[in-house]
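One letter stands for each residue in the lines below.
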Amino acid sequence: MSLPKNILTIYGRNPVLEALENEELKIYALHLSTSNKPSPKLEKILSLAKKRDITIKYHSKKELSYISKNSRQDQGVALDIVLNNLTNLDYLKSLNKFRVLALDNITNPQNLGMIIRSATAGNIDAIILQKRGNASLVSPLTIKASAGTLFKLPIIQVKSLYDSLKELQKVDAKVISLSLDAKDNFKDFIEPKRAIYVLGNESNGISKEIIELSDYKVKIIMNRGVESLNVAVTASLIAFL
């Protein structure tokens, strides 16, 4: 039986335990491998799941790895979390006009949470992020930094950011990379009808393949010798354009 589309599956004993401890999160089911050996952490996970009356399902190691999609790191544990604001690319395709943030390997959960908060408060219609490479949506630091806004803005998790951006370009969406090497000033940029602003990794910026895919590259002009802004601050500027 397939899962509802609004389910986000996380794995690993620490992330699962942290999610179970956060009563703001609505849990669909806990998955455990029958090959797990008893441990204090597993006992705590089971105890919290039973206390919250969460469905517990047992699987073979192979079945569990199919659920987690990461047999090397799932540690025999996976958790289905309900996020009613999870959506897909079809949602954007249905809009005649949109402003979107696409996140390319934002690894700091506090940055991710603050980006979500600014996007929700500002003029952003959705956030696109790749499932791997970005900080976890449901880590305690992400949730805390988002200040309760995590569940309000449409969020699209994709397998490949590159492929998803190419797909949206086919419906006349324009990919705009924020880059220090760009020639065009963000302040003077004339925004297209369907705009996707890409924000890159805190240290390395936007990946080369995404830069090459971009329709536009723009930069925020800095004064007084300041070289760059925190990625969450940049997101705020875009959100309130």
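Residues numbered from 1 in each chain as written. Predicted model: local features only at pLDDT ≥ 70, side-chain atom pairs only at ≥ 80, totals over all residues. Heavy atoms only, no water.

1. Points about the packing of helix H5 (residues 109-121) against helix H9 (residues 231-239)
We count it as follows: Lines fitted to C-alpha atoms define the axes here, with helix axes fitted over just the stretch in contact, and angles between the N-to-C directions of these axes take values from 0 to 180 degrees. Here a strand is any run of E in DSSP of at least two residues, a helix any run of H or I of at least four, and the numbering for each starts at the N terminus. When an angle is under 35 degrees it counts as roughly parallel; over 145 it counts as roughly antiparallel; between 65 and 115 it counts as roughly perpendicular; any other value is oblique. Any two residues whose heavy atoms approach within 4.5 Å are treated as being in contact.
Two elements in contact, H5 and H9, have axes whose closest approach is 9 Å; the angle formed by their N-to-C orientations is 10 degrees. What the angle tells us is that H5 and H9 run roughly parallel. Touching Asn111, Met114, Ile115, Ser118 and Ala119 of H5 are Val231, Ala232, Ala235, Ser236 and Ala239, all from H9.

2. Observations concerning the pairing of strand S12 (residues 216-219)
In plain terms, the rule: Strand pairing is defined by DSSP finding a minimum of two bridges between the two strands.
Relative to S12, strand S9 (residues 174-178) runs parallel, the two sharing three bridges. Its bridge partner being in S12, Ser177 is matched across the sheet by Lys217.

3. Some remarks on the sheet that holds strand S6 (residues 98-103)
Spatially, the eight strands line up as an open sheet ordered S5-S8-S7-S6-S11-S9-S12-S10, and their pairing is parallel. Edge positions in the sheet fall to strand S5 (86-87) and strand S10 (184-185), since each has one partner strand and no second. Note: S6 against strand S11 (residues 194-199), six bridges, orientation parallel. Each residue of the ladder has a partner; that of Leu103, found in S11, is Leu199. Strands S6, S9 and S11 of the sheet are contacted by H9, whose axis makes an angle of about 165 degrees with S11.

4. Description of the pattern of salt bridges
Note the following rule: When a carboxyl oxygen of Asp or Glu is within 4 Å of a side-chain nitrogen of Lys or Arg, the pair counts as a salt bridge. Each residue is assigned to one of three classes by its accessible area relative to the maximum for its type, calculated with a 1.4 Å probe on protein chains only: buried under 20%, partly exposed between the two thresholds, exposed over 50%.
Here the structure, examined in full by the defined rule, presents four salt bridges. A salt bridge links Lys44 to Glu21; the shortest N-O distance between them is 3.4 Å. Within this pair, whereas Lys44 is found in helix H2 (residues 40-51), its partner Glu21 is found in helix H1 (residues 13-21), the two being separated by 23 residues in sequence. The partly exposed category is assigned to Lys44, whose relative accessible area is 43%. By relative accessible area, Glu21 is classed as partly exposed at 43%. Between Asp172 and Lys174 there is a salt bridge, and its shortest N-O distance comes to 3.5 Å. When its relative accessible area of 24% is taken as the criterion, Lys174 is described as partly exposed.

5. Topic: the packing of aromatic side chains
Formally: Note on aromatic pairs: the rings of Phe, Tyr and Trp (six-membered ring only in Trp) are paired at centre separations within 6.5 Å, and the planes decide the class, stacked below 30 degrees, edge-to-face beyond 60, tilted for the rest.
Counted under the stated rule, the structure contains two aromatic pairs. Both rings, one in Phe186 and one in Tyr197, keep their centres 6.2 Å apart while their planes meet at 75 degrees; by these two values the pair is edge-to-face. Linking Phe186 in the loop between S10 and S11 with Tyr197 in strand S11, this pair joins segments that are 11 residues apart in sequence. Accessibility assignment for this pair places Phe186 and Tyr197 in one class, buried. Taken together, a centroid distance of 5.2 Å and an interplanar angle of 70 degrees make the contact between Phe189 and Tyr216 edge-to-face. Here Phe189 is found in the loop between S10 and S11, whereas its partner Tyr216 is found in strand S12, with 27 residues between them in sequence. Given the relative accessible area of 17%, Phe189 is considered buried.

6. As for the packing of H1 against H2
Applicable threshold: Each crossing gets its handedness from the near helix: less than a right angle anticlockwise from the far helix is left-handed, clockwise is right-handed. Throughout, the ten residues Ala, Val, Leu, Ile, Met, Phe, Trp, Tyr, Cys and Pro are labelled nonpolar, Asp, Glu, Lys and Arg are labelled charged, and all others, Gly among them, are labelled polar.
At a minimum axis distance of 10 Å, the contact between H1 and H2 shows a crossing angle of 30 degrees. In terms of axis orientation, H1 runs roughly parallel to H2. Crossing handedness for the pair H1 and H2: left-handed. Across the interface between the two elements, Arg13, Asn14, Val16, Leu17, Leu20 and Glu21 of H1 pack against Lys41, Leu42, Lys44, Ile45 and Leu48 of H2. Classifying every residue of the contact of H1 with H2 gives six nonpolar, one polar and four charged.

The quantities given are spatial measurements derived from coordinates; they are silent on function.
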